[in-house]
Amino acid sequence: MEIEQGRICIISGPSGAGKTTIYKRLLQEYAWLRYSVSATTRKQREHETDGMDYHFIDDDTFMRLVGENAFAEYAAVHGRRYGTLKSEIEKKAAPGFLCIFDIDVQGAALMLRSYPRALTIFIRPPDLAALESRLSARKTESAESLALRLANAKRELESEGIFEYSVINDDLESAYDTVRNILLRQKGVLDNGSAL
Ligand code: ADP
Ligand code: 5GP
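Residues numbered from 1 in each chain as written. Chains lettered and ligands numbered in written order. Predicted model: local features only at pLDDT ≥ 70, side-chain atom pairs only at ≥ 80, totals over all residues. Heavy atoms only, no water.

Observations regarding the overall build of the protein chain
Right, so step 1: Along the backbone of the protein chain there are 7 helices and 9 strands.
Right, so step 2: For 196 residues, the compact-globule formula gives about 16 Å, and the C-alpha radius of gyration of the protein chain, at 16 Å, lands near that figure.
Right, so step 3: If one aligns the C-alpha atoms of the protein chain with their principal axes, the spans along those axes are about 50 × 40 × 30 Å.
Right, so step 4: Put simply, the protein chain has 196 residues, and 49% of those count as buried.
Right, so step 5: Of the contacts made within the protein chain by residues no fewer than 6 positions apart, 70% connect residues no fewer than 24 positions apart. (Helix = DSSP H or I, 4+ residues; strand = E, 2+ residues; numbered from the N terminus. Rg over C-alpha atoms; globule rule 2.2 N^0.38 Å. Buried < 20%, exposed > 50% of the residue type's maximum accessible area, 1.4 Å probe, protein only. Contact = heavy atoms within 4.5 Å.)

If you want it as structure tokens, here you go:
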């Protein structure tokens, strides 16, 4: 895909680290930011909107899309399938916009093969105890899913090194400011054309 690489921002990190909280606020604040809506086979949560948070699809549809080569990357994460649609990249990573991709560490590694100069940010929790209490307080996961997400967090934290930036989300305001400054710098680079 002929996408200018400076227009892609991959945000990754363990489930419960605070990725969604941070990028949703950024998307509200800046009209030049866009969000790549992934496809997933996991169940829709109560507050989520189909087509905005995810494209919620069943396994058969997901596998049909795999067969049609519709994904830029896809992976099994926490026992479900998730994938980045090529059509989202084409639509959202357009001139004048910076497109955010919330994808897991496997997906990030795959995307980096196609877009080696993509901006990459890892959001990490202060520690695993904070992650557990945030995930429990969010009340979106069954006991089984919560345990799986915590177990996977340890492995995900080991992949932090592949990301250009690592931001600890301890105090939300300061994590938000840090991510915002990274994106504003990237926007400045995009505007004067030197990222490309
Ligand atoms: P992720 O998208 O990485 O899975 P979320 O953004 O859903 O994580 O955050 C997980 C939960 O933790 C949410 O309920 C959110 O409100 C809360 N949260 C996010 N950042 C912080 C923080 N710095 N301190 C305490 N709670 C937080
Ligand atoms: P959740 O189920 O909490 O929304 O997301 C679980 C995990 O799936 C998160 O780590 C998130 O980054 C990841 N994820 C979401 N969309 C994609 C995607 O399109 N591809 C990949 N590889 N991971 C994704």
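Still more ground to cover, so stick around.
Looking at the site of ligand 1
Right, so step 1: Near ligand 1 lie 13 residues; those nearest to it are Gly16, Lys19, Thr20, Thr21 and Asn169.
Right, so step 2: Taking Arg134, its side chain carries an N or O atom lying 3.4 Å from a nitrogen atom of ligand 1.
Right, so step 3: Between a nitrogen atom of ligand 1 and a side-chain N or O atom of Asn169, the distance comes to 2.8 Å.
Right, so step 4: If ligand 1 stood free it would expose 560 Å²; the protein chains cover 74% of that surface.
Right, so step 5: When each cavity is represented as a set of grid points, ligand 1 is found to reside in the largest pocket. (Near = heavy atom within 4 Å. Polar contact = N/O pair within 3.5 Å; in protein donor to acceptor, adjacent residues only side chain to side chain. Areas by Shrake-Rupley, 256 points an atom, 1.4 Å probe, with all protein chains shown as cover. 1 Å grid on protein atoms, 1.4 Å probe; cavity = no way out; pocket = protein on both sides within 12 Å on 5 of 7 lines; lining within 4 Å. Sits in = over half its atoms within 2 Å of the grid points.)

Some points on the layout of surface pockets
Right, so step 1: Taken as a whole, the largest pocket holds about 960 Å³ of empty space.
Right, so step 2: Those elements giving two or more residues to the lining of the largest pocket turn out to be α1 (19-29), β5 (71-77), β6 (80-85), α5 (128-138) and α6 (143-157).
Right, so step 3: The element best represented in the lining of the largest pocket is α1, accounting for 7 residues.
Right, so step 4: In terms of residue class, the lining of the largest pocket is built from 13 nonpolar, 16 polar and 15 charged.
Right, so step 5: Of the voids in this model, the second largest pocket is the one considered here, and its volume is about 310 Å³.
Right, so step 6: Lining of the second largest pocket is provided by 15 residues; of these, Arg42, Lys43, Arg80, Glu141 and Ser145 occupy positions nearest its centre.
Right, so step 7: Taken together, the elements giving at least two residues each to the lining of the second largest pocket come down to β6 and α6.
Right, so step 8: Broken down by element, the residue count for the lining of the second largest pocket peaks at 4 residues, all from α6.
Right, so step 9: Each residue belonging to the lining of the second largest pocket can be placed in one class, and the counts come to 2 nonpolar, 6 polar and 7 charged. (Points joined across faces, edges and corners; volume = space filled by probe spheres on them. Nonpolar A, V, L, I, M, F, W, Y, C, P; charged D, E, K, R; others polar.)

Comments concerning the sheet that holds β6
Right, so step 1: Overall, mixed pairing links the 4 strands, which are arranged β4-β3-β6-β5 in an open sheet. With one partner strand each, in any of the chains shown, β4 (55-56) and β5 form the two edges of the open sheet.
Right, so step 2: In this structure, strand β3 (residues 39-40) lies alongside β6, joined through 2 bridges in antiparallel fashion. If you follow Thr40 over to β6, its bridge partner there is Tyr82. (Pairing = 2+ DSSP bridges.)

Details of the environment of Leu110
Right, so step 1: Structurally, Leu110 can be placed in helix α4 (residues 105-114).
Right, so step 2: With a relative accessible area of 30%, Leu110 lands in the partly exposed category.
Right, so step 3: It is 26 Å that separates the C-alpha atoms of Leu110 and Tyr176, two residues lying 66 residues apart in sequence.

Some remarks on the sheet that holds strand β7 (residues 98-102)
Right, so step 1: Here we have 5 strands laid out as an open sheet, ordered β2-β7-β1-β8-β9, and parallel in their pairing. Edge strands, defined here as strands with exactly one partner in the open sheet, are β2 (33-35) and β9 (165-168). Looking at each pair of strands side by side, their axes are set apart by 25 degrees on average, direction ignored.
Right, so step 2: For strand β1 (residues 8-12) and β7, the ladder comprises 4 bridges, and the chain directions are parallel. Bridge pairing in β7 links Ile11 to Asp102.
Right, so step 3: Contacting β1, β2, β7 and β8 (119-124), α1 crosses the sheet at an angle of about 135 degrees to β2. (Axes fitted to C-alpha atoms, helices over the stretch in contact; angles between N-to-C directions.)

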